[in-house]
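# Breakdown of the fold
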Amino acid sequence: MATLELDVAEEAVTQPARKGRKLGVLFWAAIGWLVFVCAVAVFANVLPLPSPTDMDMLERRAPFSAEHWLGTDGLGRDELSRLIHGARISLVVGVCAPVIGLVFGGALGMLAGYFRGRFESLVVGSMDVLLAFPPLILALAVTAYLGQSIFNLTLILGALSVPAFMRVARASTLTLARREFVIAAQALGATHARILLRELLPNVMLPLAAFFLLGVAVIIVVEGSLSFLGLGVPPPISSWGSMIGEGRESLEVAPRLAFLPAAAMFLTVLAFNLVGDALRALTDPRQGAL
Amino acid sequence: MALFVARRLFYLLPVLIAVSLLTFSIASLLPGDLAYTILGDQATPENVAALRRDMGLDQPIWWRYLSWLGNVLQGDFGRSFRTGQTVLQAVVERLPVSIELMLLAQVGALAIGVPLAIVCASRSGGPFDRFMTGSAFGMLSVPTFLSAILLIYLFAVELRWLPATGYVPFTEDPAANLRFMVLPALTLALAEWPGIMRVLRSDMIATLQEDYISLAKAKGLKASRILFVHALKPSSLTLVTITGINIGRLIGGAVIVETIFALPGIGRLLIGSILTRDLIILQGVVLLVGAGFVIMNFIVDLLYAVLDPRIRHGHA
């Protein structure tokens, strides 16, 4: 996806020595937040929460109380419960879609970077066509035809993330394929499959994993944007994006209905970016070289 | 230069064809029958069959693609079956709004990003630099629709300084037009400046270590002149690159912003056509936006070659 950007050289130029390889407090705070969000999302059904879809017309936009910890929304549904169930959707789409990109883009990129030649031109060319559309426009158009469902949404966003993963995998395969250990394996008579899986994959996996986390952040935002526009997950399922979209209507009376999911989304996206960025700096060979 | 342009044009053509193929296949291969959509739920099978024949939907797919492409090349993108307006009319009517929005946003983003990058680069590692680098990183995690809501809440709901939604054409009342444009453009600019600032900053930190900067300092030139003239000039290429990379995100952002602020631009046309299932408009808009995006990238490439002769001669 064109929105993913790789500005690898930056950290290396600015703070070569001082930063070192230590992970800061911020990194662990981000990890903590992600673990917390994932845990509540996984155990949403076990937690003692009211139903996220039960409406209580007498208790609309109720303030914080012992019964509704974060109050209720415009239809009298428990806000906290909706936030937690919304986290599930945002995380499921946000994690599954980049997995599709990781698997297909990673495989294509490695094959293209290893075998070169016509296959590489074909892969790069067809990915360029996918990138020829502004990603959000393509996502909107395909959802419009395929219909709105979590499955379709994940599939579309996953397909859209393939080119970016392909580029990362291809770039690192290109440099790695010329290294001594690969040449040595070739000299020893290893098959292509063995070189790709045993020699290259473990090395390409590191930058891909860091990029994966940045990809999750982007996908959560894109899913949020689509749901915000009412074109993502279909109601009554709530995702953070659709909750913000609903909260927008009552911005004057109850701004918290928009700002609570907004804060949850911001923190989660920020956490994924922080962790991904830190891992990328760790796995970036260029920083080690300095 | 002429050779370079010719070569790039030669690459442009297959990409444009691929864009049209992709647009067509999204509209034709995915489930959902146009005839059913037009006629609605009460359609009888006979009616549907008749309409399909009328619209040529019973023809083989390659024939439909070629005749569609032929029409498109003659400027006929089809006609909305809801409003009767042609796609081209609808797009031309709304294009100025979107272009104004994106231009204002880009200007705003540069106005925020460039000075910040320069100040940060001149004192890199200092407290202000670290604070701004951190803020830029944080801002990259704020989705467009989120900053839109924050701005609406702050400036329209709480302070009541600016309208939250609405639009007046620039030709009717420039001042009112700008008043409506401030918040949408600012929203987009807020999403764009971190990218500009981050890349330009690291670029300039490298430039500031060059010998000719030391020479300029030794000559006793003013610090501001060195920063804004001598150091910024080599980074113009970087600025063009970031602007090019950002176009795609800007278009996506414009769709969201236009919808939130009710600006009658291309983005809202697109969303509207999805919500009303006006598939002809949708197909036409996606094709035009895709083609426009490809052509804009082409122009950025050319601009690149103008700025850097090495690219023109294939050395870089």
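If you're wondering where the values come from, they're calculated on a predicted model, not measured in any experiment. (Residues numbered from 1 in each chain as written. Chains lettered and ligands numbered in written order. Predicted model: local features only at pLDDT ≥ 70, side-chain atom pairs only at ≥ 80, totals over all residues. Heavy atoms only, no water.)

Along its length, chain B carries 14 helices and 0 strands. Ordered by position in the sequence, the α and β elements of chain B form the string α-α-α-α-α-α-α-α-α-α-α-α-α-α. Across its three principal directions, the C-alpha atoms of chain B cover 85 × 55 × 35 Å. For chain B, with 316 residues in total, the buried portion stands at 48%. Taking contacts inside chain B between residues at least 6 apart in sequence as the whole, the part at least 24 apart equals 73%. In chain B, 24 positive and 20 negative side-chain charges are present, and the distance between their average locations comes to 11 Å. (Helix = DSSP H or I, 4+ residues; strand = E, 2+ residues; numbered from the N terminus. Buried < 20%, exposed > 50% of the residue type's maximum accessible area, 1.4 Å probe, protein only. Contact = heavy atoms within 4.5 Å. Lys, Arg positive; Asp, Glu negative; His and termini not counted. Charge placed at Lys NZ, Arg CZ, Asp CG, Glu CD.)

Low pLDDT means the predicted atomic positions in that stretch should not be read closely. Residues and elements named next belong to chain B. Of all residues in chain B, 93% have pLDDT values of 70 or greater, and the mean over the chain is 83. Least confident of the elements in chain B is helix α2 (residues 34–39), whose mean pLDDT is 67; most confident is helix α5 (residues 87–122), at 90. Model confidence for the complex is summarised by a pTM of 0.84, with the ipTM given as 0.82. (pLDDT = per-residue confidence, 0-100.)

All names here are of chain B. Of note, Arg160 is a non-glycine position whose phi angle comes to about 55°, a positive value. For Arg160, the location among the structural elements is in the loop between α7 (144–158) and α8 (174–207). Of note, the phi angle at Ala262 is positive, near 55°, even though the residue is not glycine. With respect to the element layout, Ala262 can be found in the loop between α11 (236–261) and α12 (266–275).

Another aspect to go through is the environment of B:Ala117. Residue and element names in this part refer to chain B. With respect to the helices and strands, Ala117 occurs in helix α5. Considering only alpha carbons, one finds Ala117 and Met197, 80 residues apart in sequence, at a separation of 4.9 Å. If we ignore the near neighbours within four places in the chain, the residues touching Ala117 are Met197, Leu200 and Arg201.

What follows covers helix α5 (residues 117–131) of chain A. Quick reminder: α-helices carry 3.6 residues per turn. Residues three or four places apart thus point the same way. The first and last C-alpha atoms of α5(A) sit 21 Å apart over 15 residues, in line with the 21 Å expected at 1.5 Å per residue. Inspection of α5(A) places A:Glu120, A:Val123, A:Met127, A:Val129 and A:Leu131 among the buried residues, and these make up the whole buried set. (Expected span 1.5 Å × (residues − 1).)

Our next topic: the pattern of salt bridges. Within this structure, the stated rule accounts for 9 salt bridges over all chains. The salt bridge partner of B:Arg201 is B:Asp129, with a shortest N-O separation of 2.7 Å. On the criterion of sequence distance, the pair formed by B:Arg201 in helix α8 and B:Asp129 in helix α6 (residues 127–139) is long-range, its members being 72 residues apart. The residues B:Arg201 and B:Asp129 share a single accessibility class, namely buried. Overlapping salt bridges, with partners in common, bring together A:Arg116, A:Glu120 and A:Arg170 in one network. (Salt bridge = Lys/Arg side-chain N within 4 Å of Asp/Glu carboxyl O.)

With 84% of its residues at a pLDDT of 70 or more, chain A shows a mean pLDDT of 81. Here residues 1–20 of chain A is a poorly scored stretch, pLDDT under 50, and it has 38 contacts once near neighbours within four places are set aside; other chains count.

Helix-helix packing: each pair is described by the crossing angle between the helix axes and the interaxial distance. Residue and element names in this part refer to chain B. One way to put it is that α5 packs onto α8 with a least axis distance of 5 Å and a crossing angle of 40°. Here α5 lies oblique to α8, going by the angle between them. Classified by chirality, the crossing of α8 by α5 is right-handed. Looking at the contact of α5 with α8, its residues break down into 25 nonpolar, 4 polar and 3 charged. (Axes fitted to C-alpha atoms, helices over the stretch in contact; angles between N-to-C directions. Parallel < 35°, antiparallel > 145°, perpendicular 65-115°, else oblique. Left-handed = near helix turned anticlockwise from the far one by under 90°. Nonpolar A, V, L, I, M, F, W, Y, C, P; charged D, E, K, R; others polar.)

This brings us to the packing of aromatic side chains. Counted by the stated rule, this structure contains 11 aromatic pairs over all chains. Between the aromatic rings of A:Phe259 and B:Tyr153, the centroid separation amounts to 5.1 Å while the plane-to-plane angle is 85°, which identifies the pairing as edge-to-face. With A:Phe259 in helix α11 (residues 256–283) and B:Tyr153 in helix α7, the pair connects residues from two separate chains. A:Phe259 gets classed as partly exposed once you look at its relative accessible area, which sits at 22%. Seen in terms of ring centroids, B:Phe155 and B:Trp161 are 5.9 Å apart; in terms of plane orientation they differ by 35°. Their pairing is tilted. One aromatic cluster in this structure is built from B:Phe24, B:Tyr65 and B:Trp68. (Phe/Tyr/Trp six-rings, centres within 6.5 Å; stacked < 30°, edge-to-face > 60°.)

Okay, the nonpolar core next. Core analysis: the largest hydrophobic core is formed by 162 residues, its most contacted members being A:Leu140 and A:Leu157. For this core, the element with the highest residue contribution is helix α9 (residues 192–228) of chain A, accounting for 17 residues. Residues in contact with A:Leu140, not counting those within four places in the same chain, are A:Leu226, A:Leu229, A:Leu231, B:Val255, B:Leu270, B:Ile271 and B:Ile274. One finds A:Ala112, A:Val123, A:Met127 and A:Met166 within the second-largest nonpolar core, a separate group that totals 5 residues. (Core = buried A, V, L, I, M, F, W, Y, C linked by side-chain atoms within 4.5 Å.)

Right, let's get into helix α3 (residues 25–42) of chain A. Residues and elements named next belong to chain A. The end-to-end C-alpha separation of α3 is 26 Å, in line with the 26 Å expected for 18 residues at 1.5 Å each. Restricting attention to buried positions, one finds in α3 the residues Phe27, Ala30, Leu34, Val37, Val40 and Ala41. Buried residues along α3 cover an arc of 165° about the axis, so they all sit on one side. Set apart from the buried face of α3 by more than 90 degrees, the exposed residues are Val25, Trp28, Val35 and Val42. Where α3 is buried, its residues contact α4 (79–115), α10 (240–248) and α11. (Arc of directions from axis to C-beta.)

Mapped onto the fold, A:Ser225 is located in helix α9. For A:Ser225, the side chain forms a polar contact with the main-chain oxygen of A:Val221, separated by 2.7 Å. (Polar contact = N/O pair within 3.5 Å; in protein donor to acceptor, adjacent residues only side chain to side chain.)

Turning to the interface of chain A and chain B, a few remarks are in order. Taken together, the contact pairs 43 residues of chain A with 49 residues of chain B. Approximately 4,400 Å² of surface area, both sides summed, lies buried where chain A meets chain B, with 78% of it carried by carbon and sulfur atoms. At the boundary of chain A with chain B, the tally comes to 0 salt bridges. Scanning the region where chain A abuts chain B turns up 1 residue pair in polar contact (both at pLDDT 80 or more). Elements that contribute at least two residues to the side of chain A that touches chain B include exactly α1 (9–14), α5, α6 (135–146), α9, α10 and α11 of chain A. In terms of residue count, α11(A) provides more of the side of chain A that touches chain B than any other element does, 10 residues in total. Partitioned by chemical class, the residues of the side of chain A that touches chain B number 31 nonpolar, 6 polar and 6 charged. (Buried area = accessible area lost by both parts, 1.4 Å probe.)

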